[in-house]
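Structural overview for review
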Amino acid sequence: MQTVSLARRTVLLLFLLVVGLSALVDARSAESNPPTPAKAESAEAEPAQSEPAKAAIASPPDEIAPPKFLAAWGSKGTGDGQFEAAIGIAINAADDVFITDASNRRLQRFSRDGKYLDQAPTGNFAGGVAIDSDGLIYVAAMMDHKIQVFRHRPAALAAADRTTVPAADSAKSAPTAAGAKDGKEDKQASPYELVREWGKKGTADGEFDQPGGLAFGSDGTLYVCDQVNHRVQRFSKEGKFLAKWGEYGDANGQFGKPEATYSRVGGPCFAAIDRDGNLYTTEPRPGRIQKFSPEGKWLASWGSNEVRNGAFGGGKNLQGPIAMVFDRQNRVWVSATNHRVQLFTAAGHYLTGMGTLSTPSDTAGQFHTPHAMAINSQGVLYVVDTLNKRVQLFACERP
């Protein structure tokens, strides 16, 4: 009996020793490795990131609603206020709207609401147009390879210059002739005076091969997109050559590739100036917009011919951006061959767009190969809707 009791006591002591050692080990482990409290319950949980901090990390701007459609005017034809191939647009300080019509070889003037006012004959295939600080109107006669400069004269002065010519010469008279009287025809003088012109086909300084878009810099100098020469030329208002840059290629500061060297759609085609005086150019075939300093130093480029919002692909026969205009918020509106007009930041971030991708249409707010654009003093965006033979107006900014 005593032997059995001694054995039981020994087993009990061994059990208590094992339990004690285990508890000691657990206690020490707890001291060296305290449990991590749940974030949802901890008073010391990591604070939520502030909105300014989030904005500093993620930065593409939010997309916005497209502008409101206001009106449209124009139709196909050769009559007053009609178009065959409207290309360029410029608006003067009085909000008169000047539009070039390449096929009709003329420049037409309209009131801000689209009332036809008058016109001037131009050279062959008039495209780009711009107005200087003195109100002179510069037109790129693309297939004549020259720049023409017109002065719009007051109606009273034009009426005072009305002359008569023999009826036998009526075939040579202007199409605005009022009719014959007493064997003579009353010929009305044009309200436009051709002040000067310069340029011829070639590659030398001051020569052009199908000049396209025009833009005046903040210093009053004129930039010309010399399309087939794949360069930009810079002139004084009087036509004095100042500088040039660009050549065929696809590197920064080059233009045109992979389009053939003899094709104007490689660019540069149209140009626009931002509020800092930098020049932006379009290249349809490469799907690219390039940014240059006023002196021609390359600064940046963006764009592609992918088929999506914020890109310029989707046209049936030709891809890419066509023309541009900057608004007062330094945002840039870009037309493209995919029948859209899209809005971007100056850095190329997409904000909104108008028109159905890859689908031409003549309904309000839709386009068929839109070209040049301009914004008047009231913040109205004018879009030359070329193949729809009209101009559309949108409320893009408050006056």
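Anything mentioned here points back to the structure above.
Predicted, not measured: the structure shown is a model, and the values here were computed from it.

Examining the overall build of the protein chain
Helix and strand counts for the protein chain stand at three helices and 29 strands. Counting only residues that meet the buried cut, the protein chain has 48% of its 399 residues in that class. Across the protein chain, every contact between residues at least 6 apart in sequence was considered, and the portion connecting residues at least 24 apart equals 47%. Accessible area of the protein chain: about 20100 Å², with a carbon and sulfur share of 53%.

A word on the layout of surface pockets
Looking at the largest pocket, its volume works out to about 860 Å³. In terms of lining, the largest pocket is formed by 37 residues, of which the most central are Ile91, Val325, Phe326, Met373 and Ala374. Counting residues per element, the ones that place at least two in the lining of the largest pocket are β2 (86-91), β6 (126-131), β13 (211-216), β19 (271-273), β23 (321-326) and β27 (370-375). Of the residues forming the lining of the largest pocket, the biggest block, five residues, is contributed by β6.

Some words on the sheet that holds β2
The strand order across the open sheet formed by four strands is β2-β3-β4-β5, and the pairing between neighbours is antiparallel. Bordering the open sheet on either side are β2 and β5 (116-121), each of which pairs with just one other strand. Looking at each pair of strands side by side, their axes are set apart by 20° on average, direction ignored. Alignment of strand β4 (residues 106-110) against β5, held across five bridges, turns out to be antiparallel. Bridge pairing in β5 links Arg106 to Pro121.

As for the nonpolar core
Counting 22 residues, the largest nonpolar core has Trp73, Ile89, Val97, Ile99 and Tyr382 as the members making the most contacts within it. Secondary-structure elements contributing two or more residues to this core are β2, β3 (97-101), β23, β27, β28 (380-385) and β29 (390-395). No other element matches the four residues that β2 contributes to this core.

Re the pattern of salt bridges
Under the defined criterion, the tally for this structure stands at 17 salt bridges. Residues Asp118 and Arg109 are paired through a salt bridge, measuring 2.8 Å at the closest nitrogen-oxygen approach. In this pair, the class of Asp118 matches that of Arg109, namely buried. Put simply, Asp219 and Arg234 hold a salt bridge, and the shortest N to O gap is 2.6 Å. On the criterion of sequence distance, the pair formed by Asp219 in the loop between β13 and β14 (222-226) and Arg234 in strand β15 (residues 231-235) is long-range, its members being 15 residues apart. Judged by relative accessible area, Asp219 falls into the partly exposed class, the value being 48%. Judged by its relative accessible area of 12%, Arg234 is buried. Here the salt bridges share partners, and the residues they tie into one network are Asp96, Arg109 and Asp118.

Considerations on the sheet that holds β28
Read from one edge of the open sheet, four strands run β1-β29-β28-β27, paired in antiparallel fashion. The open sheet has two edge strands, β1 (68-73) and β27, and neither has a second partner. Across this sheet, the average inter-strand angle for adjacent strands is 25°, counted without regard to direction. Direction of pairing for β28 relative to β29: antiparallel, over a ladder of six bridges. When the sheet's bridge partners are listed, Tyr382 is paired in β29 with Leu393.

Quick notes on the environment of Gly199
Residue placement: Gly199 occurs in the loop between β12 (192-198) and β13. Setting aside its immediate chain neighbours within four residues, Gly199 contacts His145, Lys146, Gly206 and Phe208.

Re unusual backbone geometry
A negative phi holds for most residues other than glycine; trans holds for most peptide bonds. Cis geometry marks the peptide bond from Lys257 to Pro258, where omega comes out at 15°. Looking along the chain, the bond that leaves Gly267 and enters Pro268 is cis, with omega of 10°. Its identity as a non-glycine residue notwithstanding, Phe125 has a phi of 60°, on the positive side. Judged by relative accessible area, which is 27%, Phe125 ranks as partly exposed. For His230, which is not a glycine, the phi torsion comes out positive at approximately 50°.

A word on the pairing of β13
Among the six residues that make up β13, six are buried, leaving the element largely enclosed by the rest of the structure. Strand direction decides the pairing type here: β13 and β14, joined by four bridges, are antiparallel. By the bridge assignment, Phe216 is partnered in β14 with Leu222. Hairpin connection of β13 to β14: five residues between the antiparallel strands, including Gly220 at a positive phi of 90°.

Rules behind the numbers
For every chain, the first residue of the written sequence is number 1, and numbering continues from 1 onward in sequence order. A pLDDT threshold of at least 70 governs which residues receive local features in this predicted model, and a stricter bar of 80 or more applies before side-chain atom pairs are shown or counted, although totals over entire chains, interfaces and linings include all residues. With hydrogens and water excluded, all non-hydrogen atoms of the structure serve as input to the side-chain values. Put simply, DSSP marks the helices as runs of H or I at least four residues long and the strands as runs of E at least two long, and each gets a number from the N terminus on. We call a residue buried when its accessible area falls under 20% of the maximum for its residue type, exposed when it is over 50%, and partly exposed in between, using a 1.4 Å probe and counting protein chains only. We call two residues contacting when some pair of their heavy atoms lies within 4.5 Å. Per-residue accessibility takes into account occlusion by the displayed protein chains alone, with areas from the Shrake-Rupley method and a 1.4 Å probe. Only protein atoms enter the calculation, which uses a 1 Å grid: trapped sets of points that fit a 1.4 Å probe without letting it out are cavities, open sets showing protein on both sides within 12 Å along at least five of seven lines are pockets, and any residue with an atom within 4 Å of a point is a lining residue. Grid points are joined across faces, edges and corners, and a volume is the space filled by probe spheres set on the points. Pairing between strands requires that DSSP locate at least two bridges from one strand to the other. For every element, the axis is a line fit to its C-alpha atoms; helices are fit only across the contacting stretch, and the angle between N-to-C directions ranges from 0 to 180 degrees. By nonpolar core is meant a set of buried Ala, Val, Leu, Ile, Met, Phe, Trp, Tyr and Cys residues that side-chain atoms within 4.5 Å join together. In the sections that follow, a salt bridge refers to a side-chain nitrogen of Lys or Arg positioned within 4 Å of a carboxyl oxygen of Asp or Glu.

Keep in mind these numbers describe shape, not what the thing actually does.
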